[in-house]
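# What the coordinates show
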Amino acid sequence: MLKSFSPFAVLLCNIALVAGWHVVVFILCVRLPRDVFDSQRKRYQPKHWEKGGRWYKDHLKIQLWKDKVPQFVAKDGFSKSHITDLSLKYLDEFIMETCRGEWMHLANCLCAVVLIVINAFPLGLIFGALVVLGNLPFAIIQRYNRFRLDTVRRKKIRDLQHAATISQGQEPSRVSS
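Residues numbered from 1 in each chain as written. Predicted model: local features only at pLDDT ≥ 70, side-chain atom pairs only at ≥ 80, totals over all residues. Heavy atoms only, no water.

## Topic: a positive patch on the surface
On the surface, Arg41, Lys42, Arg43 and Lys47 cluster together to form a positively charged patch. Among the structural elements, Lys47 can be located in the loop between helix 1 (7-31) and helix 2 (54-60). (Patch = residues over 30% accessible without salt bridge, like charges linked within 9 Å, V, L, I, M, F, W, Y side chains within 5 Å. Areas by Shrake-Rupley, 256 points an atom, 1.4 Å probe, with all protein chains shown as cover. Salt bridge = Lys/Arg side-chain N within 4 Å of Asp/Glu carboxyl O. Lys, Arg positive; Asp, Glu negative; His and termini not counted. Charge placed at Lys NZ, Arg CZ, Asp CG, Glu CD. Helix = DSSP H or I, 4+ residues; strand = E, 2+ residues; numbered from the N terminus.)

Structure, rendered in structure tokens:
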């Protein structure tokens, strides 16, 4: 489709397409109902092969590079660098935001398909690969962080249940191993 354009025009068209795609996806991300990003939806659920997040540590060495990539934090947003609250409401909101971020970056990866189709070979592959490389690591980080947040959330629920049991004057049950 862009085969007859000059190299500079091809570059500008691709940049404009990628920028426009990312803006539209961002707007959708902000405007879509919150239930689209419900962590209980199948698309956000842990996969067996992820092994509770261990796969990302073992195979991608995510702990070595995840904090080196830039992050976008909207006003009153969630920073991946630290948890500022341990309430269930905050953790649930943070988990939902990881789903939103994952959705956004994976939706942006779909732009690669369009780039491959409209550009001459191998230029389409190059532009497509750049889009995927610019988004996929962020989607992976969101999934990995959700595993970690789910662990914190489960511990918080156990602690609240334990505290409720104690406040009712009951002896907490002990599980023998």
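After that view of the structure, there is still more to cover.
## Looking at a nonpolar patch on the surface
Among the surface-exposed residues, Val23, Phe26, Ile27, Val30 and Phe72 lie close enough to one another that they form a single nonpolar patch of about 490 Å² accessible area. Examined against the element boundaries, Val23 turns out to sit in helix 1.

## Remarks on the layout of surface pockets
When its volume is computed, the second largest pocket comes out at roughly 460 Å³. Along the wall of the second largest pocket there are 24 residues; nearest its centre are Ile95, Arg146, Phe147, Asp150 and Arg154. Of all elements in the fold, only helix 2, helix 4 (88-109) and helix 6 (123-167) reach the threshold of two or more residues within the lining of the second largest pocket. Ranked by residues supplied to the lining of the second largest pocket, first place goes to helix 6 with nine residues. (1 Å grid on protein atoms, 1.4 Å probe; cavity = no way out; pocket = protein on both sides within 12 Å on 5 of 7 lines; lining within 4 Å. Points joined across faces, edges and corners; volume = space filled by probe spheres on them.)

## Re the packing of helix 4 against helix 5 (residues 111-118)
It is at 4 Å that the axes of helix 4 and helix 5 come closest, and there the two elements cross at 5 degrees. Our classification of the angle between helix 4 and helix 5 gives roughly parallel. Facing helix 4, whose interface residues are Ala107, Asn108 and Cys109, helix 5 presents Cys111, Ala112 and Val113. Partitioned by chemical class, the residues of the contact of helix 4 with helix 5 number five nonpolar, one polar and no charged. (Axes fitted to C-alpha atoms, helices over the stretch in contact; angles between N-to-C directions. Parallel < 35°, antiparallel > 145°, perpendicular 65-115°, else oblique. Contact = heavy atoms within 4.5 Å. Nonpolar A, V, L, I, M, F, W, Y, C, P; charged D, E, K, R; others polar.)

## Some remarks on the environment of Trp21
Here Trp21 is to be found in helix 1. Look at Trp21 and you get partly exposed, because its relative accessible area is 26%. Placed 86 residues apart in sequence, Trp21 and Ala107 show a C-alpha to C-alpha distance of 9.2 Å. Apart from residues lying up to four places away in sequence, Trp21 is in contact with Ala107, Asn108, Leu110, Cys111 and Val114. (Buried < 20%, exposed > 50% of the residue type's maximum accessible area, 1.4 Å probe, protein only.)

## A short note on helix 5
Along helix 5, the residues that are buried comprise Cys111, Ala112, Leu115 and Ile118. Angular distribution of buried residues about the axis of helix 5 spans 140 degrees; they occupy a single face of the element. What points out from helix 5, more than 90 degrees from its buried face, is the exposed set Val113 and Val117. Summarising the contacts, the buried residues of helix 5 are in contact with helix 1, helix 4 and helix 6. (Arc of directions from axis to C-beta.)

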